[in-house]
Amino acid sequence: MHKNIYKIKAAFSCNKNFINSINELKPFLGFDLNEIHLQKETNSINLENEVLIVDSSCVEKVPFEKINIPTILILGQNEKNTLKNKFDVTMKLPLNITQFNRAVIDLSQKYK
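Residues numbered from 1 in each chain as written. Predicted model: local features only at pLDDT ≥ 70, side-chain atom pairs only at ≥ 80, totals over all residues. Heavy atoms only, no water.

**What about the side chain of Thr71?**
Point 1. Within the secondary structure, Thr71 is located in strand S4 (residues 71–75).
Point 2. Under the relative-accessibility criterion, Thr71 is labelled buried at 4%. (Helix = DSSP H or I, 4+ residues; strand = E, 2+ residues; numbered from the N terminus. Buried < 20%, exposed > 50% of the residue type's maximum accessible area, 1.4 Å probe, protein only.)

Below you can see the structure in the form of structure tokens.
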């Protein structure tokens, strides 16, 4: 297991299906995932996390002008990224857990 190797905290705001899936995978990730509500927690997102992960269903809720940590966008298999300059990394479902884990860790280390 990779749990907490890097002591990275990643905030995520995603649809319920993705949340359920990612919660099952938490023991295999090299970072902590914290579910957040973008409208309520913008001040603490930057202070308490190294990366923000959102899926396409939550993009319109992201206050980009207030977020200063790296961001990852999760798209559905047939979706296109129309906000190319807003996200540091874009990934498509189905996710490869190893690539997802590496992307979060690499992005958090790059912006330390």
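After presenting the structure, the write-up continues.
**A closer look at unusual backbone geometry**
Point 1. Residue Leu93 is joined to Pro94 through a cis peptide bond whose omega torsion reads -5°.
Point 2. Looking at where Pro94 falls in the secondary structure, it is placed in the loop between strand S5 (89–92) and helix H3 (97–110).

**What to know about the packing of aromatic side chains**
Point 1. Counted by the stated rule, this structure contains two aromatic pairs.
Point 2. Ring centres of Phe31 and Phe100 lie 6.0 Å apart, and the angle between their planes is 75°; on these two criteria the pair is classed as edge-to-face. With a gap of 69 residues between them, Phe31 in the loop between helix H1 (16–25) and strand S2 (32–35) and Phe100 in helix H3 connect regions that are remote in the sequence.
Point 3. Using a relative accessible area of 1% as the deciding quantity, one classes Phe100 as buried.
Point 4. Where Phe64 meets Phe87, the ring centres are 5.4 Å apart and the plane angle is 85°; that geometry is what we call edge-to-face. Here the residue Phe64 occupies a position in the loop between strand S3 (51–55) and S4, and Phe87 occupies one in the loop between S4 and S5, the gap between them amounting to 23 residues.
Point 5. Using a relative accessible area of 21% as the deciding quantity, one classes Phe64 as partly exposed.
Point 6. We classify Phe87 as buried; its relative accessible area is 7%. (Phe/Tyr/Trp six-rings, centres within 6.5 Å; stacked < 30°, edge-to-face > 60°.)

**Observations concerning the pairing of strand S1 (residues 9–13)**
Both faces of the sheet carry side chains from a regular strand, because those side chains alternate between them.
Point 1. For S1, the tally of buried residues reaches four of five residues, placing the bulk of the element in the interior.
Point 2. Where S1 and S2 come together, four bridges link them in parallel fashion. Across the sheet, Lys9 pairs through a bridge with Asp32, a residue of S2.
Point 3. Note on the crossover from S1 through H1 to S2: the handedness is right-handed. (Pairing = 2+ DSSP bridges. Right-handed = clockwise from strand over helix to strand, strands pointing away.)

**Re H3**
Point 1. An ideal rise of 1.5 Å per residue puts 20 Å on 14 residues; H3 measures up with 20 Å between its terminal C-alpha atoms.
Point 2. At its buried positions, H3 is contacted by S1, H1, S3, S4 and S5.
Point 3. Looking at where H3 begins, the residue whose side-chain oxygen comes 2.8 Å from the main-chain nitrogen of Thr98 is Asn96. (Expected span 1.5 Å × (residues − 1). Contact = heavy atoms within 4.5 Å. Polar contact = N/O pair within 3.5 Å; in protein donor to acceptor, adjacent residues only side chain to side chain.)

**With respect to the nonpolar core**
Point 1. The biggest cluster of nonpolar side chains holds 20 residues, and the ones touching the most others in it are Phe31, Leu33, Ile53, Ile72, Phe100 and Val104.
Point 2. Elements represented by at least two residues in this core include exactly S1, H1, S3, S4 and H3.
Point 3. Of all the elements, H3 adds the most residues to this core, at five residues.
Point 4. Counting 13 residues, the second-largest nonpolar core is a separate cluster that includes Ala11, Leu52, Val54 and Phe87. (Core = buried A, V, L, I, M, F, W, Y, C linked by side-chain atoms within 4.5 Å.)

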